Amino acid sequence: MMQISFSSFDAMHNEIKEEVVEKFKEVYEKNWYIQGQEVELFEKEFAEYCGAKYCVGCGNGLDALFLILKAYGIGLGDEVIVPSNTYIATALAVSYTGAKPVFVEPELETYNIDPERIEEKITDRTKAIMAVHLYGKPAKMDKIKAIAKQHGLRLIEDAAQAHGAEYKEKKVGSLGDAAGFSFYPGKNLGALGDAGAVVTDDKSLADKVRALGNYGSDYKYHHIYQGHNSRLDELQAAFLRIKLRNLERWTVDRRNTAKLYEQQIKHSDIILPTESEGEKHVYHIFAIRSNRRDELETYLNEKGIGTNKHYPIPMHLQGAYKELGMKKGDLPLAEEISATQLSIPMYYGMTPEEISYVIDTINQFQ
């Protein structure tokens, strides 16, 4: 029986090991670990990659979203539209500002926020829409952008799972007013620790985010805001620069694996993800759905295939958001996804034999 982990860095990291070790030595010997040349170069390169003017490194993806909201002056008494089906960090970023996350249901077939449901949740307190490109699939940004413009709202992309994804030939990160990225190790572009970034075309926003993430300082010992400590360090920036040069090639590999899954998994109890015309899905997660999800997960695990659930408890039913006073049944689509979604192995370097084993094992599920 084959053993296939849900995720693996082995192939990726074996390819770049020598370069990473040499870069570590280089940074180590410079004795400059914060706000140095590697960060400056990565910010320039990642902004160019995203098709944006500015990139500001920070500590993680949650901080990236929080700093954007903070820089826009969003806070107590305000509301921000957030998908009901996403990782909790999206909502936490809103909560940390003192604002209230307002959950909008997704489209079942895309997992992303349903643009048709947004306007009914907009009030005179709404200040922004947070569009998440969940699992690596771009949200329907044209419709969301039109709604944001009509109501005078900021449009913020949560691109934590979507490095390199494209919507109508533009990369995510360049589709709204600003975007937050995570470089958590498991992401398609992952650091060797926590890291994140804000990407935008707005220089004033970029400058404010940079200051807010550096104790509110615009230059040393000069503090114009009550800021935070959230900075991308030199080592992580150096490692990310190496990985960024390989990202497109690694993405092609993921997309090829996804194509085989989509073409060859044929089971009446399983719903596969979709890629719509005009978008490029980067398959951070290959998310399937089944009304027999728990049975399927047990079966696959017994056959040596690793799986995960993204996410088993929707945000409105988590203890963290009990103050919203929501109960089971209030957001049925988010609840349905939580009860039926299963993530199967998807990573760079899966062998043809491993891919075939996953496909065949799923097709034999009874």
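Please read these numbers as outputs of a predicted model, since none were measured by experiment. Within each chain, residue numbers correspond to sequence positions counted from 1 in written order. Only residues with pLDDT of at least 70 get local features here, since the model is predicted, and only at 80 or more are side-chain atom pairs given and counted; chain-wide, interface and lining totals rely on the full set of residues. As a convention, hydrogens and water are excluded, and side-chain values are obtained from all of the structure's heavy atoms.

S.K.: Tell me about the pairing of strand β9 (residues 196–200), and please be specific about residues and values.
M.R.: The buried fraction of β9 amounts to five of the five residues, a majority that puts the element mostly inside the structure. Accessibility here uses a 1.4 Å probe with only protein chains present; expressed as a share of the type maximum, an area under 20% marks a residue as buried, one over 50% as exposed, and anything in between as partly exposed. Only DSSP runs of H or I reaching four residues or more are called helices, and only runs of E reaching two or more are called strands; each is numbered from the N terminus. Burial along β9 is two-sided: Gly196, Val198 and Thr200 facing one way and Ala197 and Val199 facing the other are all buried. Two strands qualify as a pair provided DSSP detects at least 2 bridges between them. The pairing of strand β1 (residues 54–58) with β9 spans five bridges and is classified as antiparallel. The residue bridging Cys55 from the neighbouring strand is Val199, located in β9. Here five bridges tie strand β8 (residues 178–182) to β9, and the two strands are oriented antiparallel to one another. Bridge assignment links Ala179 to a residue of β9, and that residue is Val199.

S.K.: Quick one: what's the story with the sheet that holds β9, residue by residue and with numbers?
M.R.: Two orientations exist for strands paired in a sheet by backbone hydrogen bonds: parallel and antiparallel. Strand order in this open sheet of seven strands is β1-β9-β8-β5-β4-β2-β3, and the pairing throughout is mixed. The strands lining the two open edges of the sheet, one partner per strand, are β1 and β3 (100–104). Adjacent strand axes in the sheet meet at a mean angle of 25°, parallel and antiparallel pairs treated alike. One ladder, built from five bridges, connects strand β4 (residues 126–132) with strand β5 (residues 154–158); its direction is parallel. When the bridges of β5 are listed, Val132 appears paired with Asp158. Throughout, an axis means a line fitted to C-alpha atoms (over the contacting stretch in the case of helices), and angles, computed between N-to-C directions, take values from 0 to 180 degrees.

S.K.: Got a sec to walk through the packing of helix α1 (residues 10–30) against helix α7 (residues 234–264)? Specific residues and values, please.
M.R.: Relative orientation of the contacting elements α1 and α7 amounts to 150°, with a least axis distance of 10 Å. In this view, α1 runs roughly antiparallel relative to α7, as classed from their interaxial angle. Of the two possible hands of crossing, α1 and α7 adopt the one that is right-handed. Contacts between α1 and α7 pair Met12, His13, Glu15, Ile16, Glu19, Val20, Lys23, Phe24 and Val27 from the former with Glu234, Leu235, Ala238, Phe239, Arg241, Ile242, Lys243, Arg245, Asn246, Arg249 and Trp250 from the latter. Only Asp, Glu, Lys and Arg are considered charged, only Ala, Val, Leu, Ile, Met, Phe, Trp, Tyr, Cys and Pro nonpolar, and every remaining residue, Gly among them, polar. Along the lines of polarity and charge, the residues of the contact of α1 with α7 split into 10 nonpolar, two polar and eight charged. Roughly parallel means an angle under 35 degrees; roughly antiparallel, over 145; roughly perpendicular, 65 to 115; everything else is oblique. Handedness of a crossing follows from how the near helix is turned relative to the far one, being left-handed for an anticlockwise turn of less than a right angle and right-handed for a clockwise one. Whether two residues are in contact is decided by their heavy atoms, any of which lying within 4.5 Å being enough.

S.K.: Outline helix α3 (residues 61–71), supporting the account with residue identities and numerical values.
M.R.: Within α3, 10 of the 11 residues are buried, which leaves the element mostly enclosed by the surrounding structure. Listing the buried residues of α3 in full gives Gly61, Leu62, Asp63, Ala64, Leu65, Phe66, Leu67, Ile68, Leu69 and Ala71. Polar contact criterion, stated in full: a pair of N or O atoms within 3.5 Å, where within protein one must be able to donate a hydrogen and the other to accept it, and residues adjacent in sequence count only if both atoms are side-chain atoms. If you check the start of α3, you find a side-chain oxygen 3.1 Å away from the backbone N of Leu62, and it comes from Asn60. One or two steps after α3, the chain reaches Gly73, where phi turns positive at roughly 80°.

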